[in-house]
Number of protein chains: 2
Amino acid sequence: MTEQIARTPKQIGAAIRRHRRALGINQKAVGEKTHLRQATISGLEAGEAGIQLRTLFGVLTALNLELVVRPRTKASTDKIEEMF
Amino acid sequence: MTEQIARTPKQIGAAIRRHRRALGINQKAVGEKTHLRQATISGLEAGEAGIQLRTLFGVLTALNLELVVRPRTKASTDKIEEMF
DNA sequence: CTCAAATATACGGCAAAGCGTATATTGCAT
DNA sequence: ATGCAATATACGCTTTGCCGTATATTTGAG
């Protein structure tokens, strides 16, 4: 199961964490590759909603990941107010 | 071709724009659904690297889109410094 | 070509991200 | 149980997102 669906910051954070662990590297190492602090990686993986795209894609690149944007597959609640 | 690969803020912005247009709605309407300004949607679609996950996922939800996180498929340069 | 709709840009203000640095906490092997 | 590695949290600082509001520019229909 190497393809993870993400519809929220928490979900993409969790997905990134799983992939990072699968690669056997720690947050500090990702921080060094990306010029981000270990604390910043921690926040991303925790799903902080304020994380910037700069940070997200830096980490994705460091982990050799990519995103796919596509229409939602299954059902969804779609109440934006309840999203975070 | 409704599945778009994104490895950079610019790419995800472009992908979102294509999907939005395919749905036939404008930035102002997306802004109203998400409680974001039209100017903010514009920035997201333009690929501004500082856009936050809060903003990204709000728009994805409004457009009924989702992300998939997966290992990169084809080749990649992977020079993070050159990413933006 | 014209004009309206859509999109991009501007400015001051407030809140928050990410920084360096440092420490607290958690998890895991022995 | 101990100790180290990994992760989470804290503080002051600088930078920047997003806000409301407003305007400039681009695009497309007629």
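Before reading further, recall that the structure is shown in the block above.
What this report covers is the structure whose coordinates are included nearby. (Residues numbered from 1 in each chain as written. Chains lettered and ligands numbered in written order. Predicted model: local features only at pLDDT ≥ 70, side-chain atom pairs only at ≥ 80, totals over all residues. Heavy atoms only, no water.)

1. A word on the nonpolar core
Residues Ile12(A), Leu56(A), Leu67(A), Ile12(B), Leu56(B) and Leu67(B) are the most contacted members of the largest nonpolar core, which totals 35 residues. Broken down by secondary-structure element, the contributors of at least two residues to this core are α1 (9-22), α3 (38-46), α4 (53-62) and β2 (65-71) of chain A together with α1 (9-22), α3 (38-46), α4 (53-62) and β2 (65-71) of chain B. Examining the composition of this core, we find that 6 residues originate from one element, α4(A), more than from any other. Every residue in contact with Ile12(A), bar those within four places of it in the chain, is listed here: Ala6(A), Leu56(A), Leu67(A), Leu53(B), Phe57(B), Leu67(B) and Val69(B). (Core = buried A, V, L, I, M, F, W, Y, C linked by side-chain atoms within 4.5 Å. Buried < 20%, exposed > 50% of the residue type's maximum accessible area, 1.4 Å probe, protein only. Helix = DSSP H or I, 4+ residues; strand = E, 2+ residues; numbered from the N terminus. Contact = heavy atoms within 4.5 Å.)

2. Overview of the sheet that holds β2(A)
Within a sheet, adjacent strands bond to each other through the backbone by hydrogen bonds, running parallel or antiparallel. On the basis of which strands lie adjacent, the open sheet formed by 4 strands has the order β1(A)-β2(B)-β2(A)-β1(B) and antiparallel pairing. Strands at the two margins of the open sheet, each flanked by one partner only, are β1 (4-6) of chain A together with β1 (4-6) of chain B. For this sheet, the mean inter-axis angle between neighbouring strands, taken without regard to orientation, is 30°. As judged from the 7 bridges shared by β2(A) and β2(B), these two strands associate in the antiparallel manner. The residue of β2(B) that forms the bridge with Leu67(A) is Val69(B). Those strands touched by α4(A) are β2 of chain A together with β1 and β2 of chain B, and its axis lies near 120° from that of β2(A). (Pairing = 2+ DSSP bridges. Axes fitted to C-alpha atoms, helices over the stretch in contact; angles between N-to-C directions.)

3. Details of the relation of the copies chain B and chain A
One copy of the chain maps onto the other through a rotation about an axis plus a displacement along that axis. When chain B is fitted to chain A, the best match, at an RMSD of 0.0 Å, comes from turning it 180° and sliding it 0.0 Å along the axis. The transformation relating the two chain copies, once decomposed into turn and shift, fits a two-fold axis. Closest approach to the rotation axis among the C-alpha atoms of chain B is made by Gln52(B), whose C-alpha sits 2.1 Å away. Both copies present the same face, since 100% of the interface residues in chain B are matched by interface residues at the equivalent positions in chain A. (Least-squares fit on C-alpha atoms with pLDDT ≥ 70 in both.)

4. Observations regarding the protein's contact with DNA strand C
Around DNA strand C sit 18 residues in total, of which Arg37(A), Thr40(A), Arg17(B), Gln27(B) and Ser42(B) are the nearest. Between a phosphate oxygen of DNA strand C and a side-chain N or O atom of Thr40(A), the distance comes to 2.6 Å. The side chain of Gln38(B) places a nitrogen or oxygen atom 2.9 Å from a base nitrogen of DNA strand C. For the surface near DNA strand C, the secondary structure elements donating two or more residues are α1 and α3 of chain B. Looking at the surface near DNA strand C, the element that brings in the most residues is α3(B), giving 3 residues. (Near = heavy atom within 4 Å. Polar contact = N/O pair within 3.5 Å; in protein donor to acceptor, adjacent residues only side chain to side chain.)

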